[in-house]
Structure formats: structure tokens, C-alpha cells
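Observations on chain architecture
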Amino acid sequence: MRFLLLLFLIGLPLAAPAQIDTTGGRYHRPLFGKVQVRHNVEFAQVNTLLGRSQTLYADVYEPAGDTVRRRPLVVLAHEGGFLTGTRDDAVMTELCTRLARLGYVAASIDYRLYFFPFDSVGIGRAALRATQDMRAAVRFFRHDAATARRFRVHPQYVFVGGSSAGAFLALQTGYLNKASEVPAYLGLAELGGLEGSGGHQGYSSRPRGVINLCGALAQANWLEAGDVPLFSAHGTRDGLVPFGRGEIGAQLPAQVVAGSGALSRRATAVGVPNVLRRLRGAGHVPYSFEPTYIDSVFTPMRDFLRPLLGRGTPGPLLAAALNPRRDAQSTALLPSRRAALGAPAGASGEALPARLPLPVVAARESAAESVE
């Protein structure tokens, strides 16, 4: 009995996971007016490219005043080409705050940056190290769920996602699950294997679903039957990370990758539930430079996640888990929403009333801050 309980707590699949109650608009409408942010939550100790020790931190966003004992978690990673970026950038802050207002716990994480040499091998190894870091974050939260329960996370409902480079590592966390799939020249064993050495070994790093914002995988066939559901949003004129199948690395030896369009086709072909939100005519990460796109990303992402949780009526889009083909067609036809960063979407994508502006820091209490 104790063994079965341990497996449940660390998130290993024994059977269909217990459902989360999504009634009353939870996880669909912004029910919470305040969000608590815990800054600098240490989740892993790792070694850098130069062999030095580095502490990785997360900023954890929670709905203030929430009494639910077990909440779904979304772990997000920032953009920056594995060379730059921070966990508190505008896009991560916006997405995490919006998710927390719906009732989720959301975490924006550090991951190891920099690579050398500046070629396809160097950046490939950087992507593997960063993926190890995201996996370490997932294990950290599952360990907490089994012990201190500080964040009140449901261990069977942990999602991962990211933007650009962050999407690469989220995709690899979800779908790169065999050491044999990694080219030998990247030296996976030397790097510490797929899981790395970030701590909390023995806890599962497998997510419940993947959120891919303008990312790609080296191989579309890493997506296989039985894999977790996938949400993608991608500009159809992305000149940095191809929307379909194409080359990446303008200043590096070119490498062919599978962007969101190619991944959606592969997922549909092998029966993996998926939603593809085409940002028609948009370039790379348009929500970072043109905030009018933020609702175009968040609204279908919200409607992808909620039906994967359990009871309750889905949002205006059908769940990827219910009908991936219809979802892919529906999201492709949605017009771009116009809402600036800092103006969160309501239940139907409209701007929320002025009483819920984003973000205003009201107070800091030890490691937490209140966002109203």
C-alpha cells in the first residue's frame, strides 16, 4: 500500500489520474483578483558549461486566498536562444499571472545559458542541459507534493511550456524520452543523461501536456503514439524558427528542424491530441514585440489545458484530448486578439475591468509578493 501511495505522489501513471474539479468557472475565468508570487525558489543545483556550480531558481505564482488542496501546475521557460533571457521577462510574467488568476500554480524557471563552440553541436548540448533543468523543476515540484506540500500542486497535473528556446526544452521534456534518439556526437552520457543531476531523482519528470510557443524539435518522429497532448502557437512567417519543416541557425551550420506545423501533422498522424494556433502572417515570438498577440496565444492555451484537468464544461474551444482534428481546425481560424501585455483576457478574450490591472506590486512579505 505504501508503494502504491508513493507512485501516486510522484506522478507515475498507475491508471487514469484523479480528476480536478473545474466547475464554477475555475481554470477558465479569472476568479482571483490577487496573485501571490514567491521569488527565488531554489529547485536545483547544477554544473555550468565551465564546470562551476549554479543554483537554479523559479518564481512561483499562486492564486491568493485559494483554498484548494491540490492545484495543476504549469512550468514555463523564457526565450533567448540559450544565450540570454530571464525568468521575470514580460511574457513569462504575463502568462504566469494570467494562469494564477484562473486557479493554476505557475512557475517561471531559470535554465543554464551559453554554449561553446558556437555551432550546431554547441547549441544542441545547450538545449539538452536546459531540458535537464526543466526536468529537474518538474521533479522538484513532485517531490514537494510528496513531502512538504508547500505549493499544493497535484503531482499528476504538471504541464510544461515555453517560448522560443524555452519551447525547445519543453518539447524535449515531453517527447525526447529515449537516449538512443540523441545523436552520439552530442555526448549525452557526459552531460548526465536525459534527466541530468539536478536533484530529486526517482520522481517522474514526465509532464501531463506540453505548451509550445514558437518552438521546434530536431525530429518530428520523437512524437509517438501514447505521448502527452500538445498545444502549439506559431507565426506562419517565422524567419528564425520555421513554422513547418526547415532550417534553423542563421549564423551556425544549418540544422533542419520540425516546427509547430510539422509537429501538429505528426501528432495527428500518430493519434496524439494536439491544438495548433496559427498566427497568420506573424514572425517569431510576435507576442514579445507586438503585444496585440498575447490573447491570440493565451486564450486557446487556456482552452487546451482546462479539459485535460477533469470535471466541468470545456471552454469555447474543444479540448485537444477530446478531438484533436477539430481543435486544430478551430484554432487555426481564430482571429488575432488585440490586448497589450498587462491587460489580461476575460472569459471570451475581452479586456478585464480596470479593477484587475496587471501587474501592480502591492506588498512584499518575506519571499512572496502580492500582485493586484
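What this report covers is the structure whose coordinates are included nearby. Computed from a predicted model, the values in this text were never measured in an experiment.

Before going further, it helps to spend a moment on the packing of helix 2 (residues 90-102) against helix 8 (residues 294-305). Packing of helix 2 against helix 8 brings their axes to within 11 Å, and their N-to-C directions diverge by 40°. With respect to each other, helix 2 and helix 8 are oriented oblique. Of the two elements, helix 2 crosses helix 8, and the hand of that crossing is right-handed. Contact residues: helix 2 offers Glu 94, Leu 95, Arg 98, Leu 99 and Leu 102, while helix 8 offers Ile 294, Asp 295, Phe 298, Met 301, Arg 302 and Leu 305. Taken together, the residues that form the contact of helix 2 with helix 8 break down as seven nonpolar, no polar and four charged.

Right, let's get into the nonpolar core. Considering soluble globular proteins, one finds that nonpolar side chains tend to be buried as a cluster. If you look at the biggest cluster of nonpolar residues, it comprises 60 residues, and the most contacted ones within it are Phe 43, Val 75, Phe 82, Phe 141 and Tyr 175. Broken down by element, the residue count for this core peaks at 10 residues, all from helix 3 (residues 120-146). In this structure Tyr 175 touches Glu 181, Val 210, Leu 217, Trp 222, Leu 223, Asp 227, Val 228, Pro 229 and Leu 230, once residues within four positions along its chain are discounted.

With that settled, the discussion passes to unusual backbone geometry. Its identity as a non-glycine residue notwithstanding, Asn 40 has a phi of 55°, on the positive side. Examined against the element boundaries, Asn 40 turns out to sit in strand 1 (residues 35-47). Within the chain, Ser 164 stands out as a residue other than glycine whose phi angle is a positive 55°. If you trace the backbone, Ser 164 turns up in the loop between strand 5 (153-163) and helix 4 (165-175).

The terminal C-alpha atoms of helix 3 lie 39 Å apart, and with 27 residues this matches the ideal 39 Å at 1.5 Å per residue to within 8%. Burial analysis of helix 3 places 23 of its 27 residues in the buried class, which makes it a mostly covered element.

What follows concerns the packing of helix 3 against helix 4. For the pair helix 3 and helix 4, interaxial distance at closest approach is 9 Å and the crossing angle is 65°. Taken together, the axis directions place helix 3 and helix 4 in an arrangement best described as roughly perpendicular. In this structure, helix 3 crosses over helix 4, and the sense of that crossing is right-handed. Contacts from Ala 127, Leu 128, Ala 130, Thr 131, Met 134 and Arg 135 in helix 3 reach Leu 169, Ala 170, Gln 172 and Thr 173 in helix 4.

This next bit is on the sheet that holds strand 10 (residues 255-259). To summarise the sheet geometry, strands pair through backbone hydrogen bonds and adopt either a parallel or an antiparallel arrangement. Strands sit in the order 7-10-9 across an open sheet of three strands; the sheet is antiparallel. If you trace the sheet from one side to the other, it starts and ends with strand 7 (216-217) and strand 9 (245-248), each paired once. Relative to strand 10, strand 7 runs antiparallel, the two being bridged by two bridges. For Leu 217, the partnering residue across the bridge sits in strand 10 and is Ala 258. Against the sheet, helix 6 (residues 260-270) engages strand 7, strand 9 and strand 10, with an angle of about 60° to strand 10.

Calculation notes
- Residues numbered from 1 in each chain as written.
- Predicted model: local features only at pLDDT ≥ 70, side-chain atom pairs only at ≥ 80, totals over all residues.
- Heavy atoms only, no water.
- Axes fitted to C-alpha atoms, helices over the stretch in contact; angles between N-to-C directions.
- Helix = DSSP H or I, 4+ residues; strand = E, 2+ residues; numbered from the N terminus.
- Parallel < 35°, antiparallel > 145°, perpendicular 65-115°, else oblique.
- Left-handed = near helix turned anticlockwise from the far one by under 90°.
- Contact = heavy atoms within 4.5 Å.
- Nonpolar A, V, L, I, M, F, W, Y, C, P; charged D, E, K, R; others polar.
- Core = buried A, V, L, I, M, F, W, Y, C linked by side-chain atoms within 4.5 Å.
- Buried < 20%, exposed > 50% of the residue type's maximum accessible area, 1.4 Å probe, protein only.
- Expected span 1.5 Å × (residues − 1).
- Pairing = 2+ DSSP bridges.

As far as function goes, none of this settles anything; it's purely spatial.
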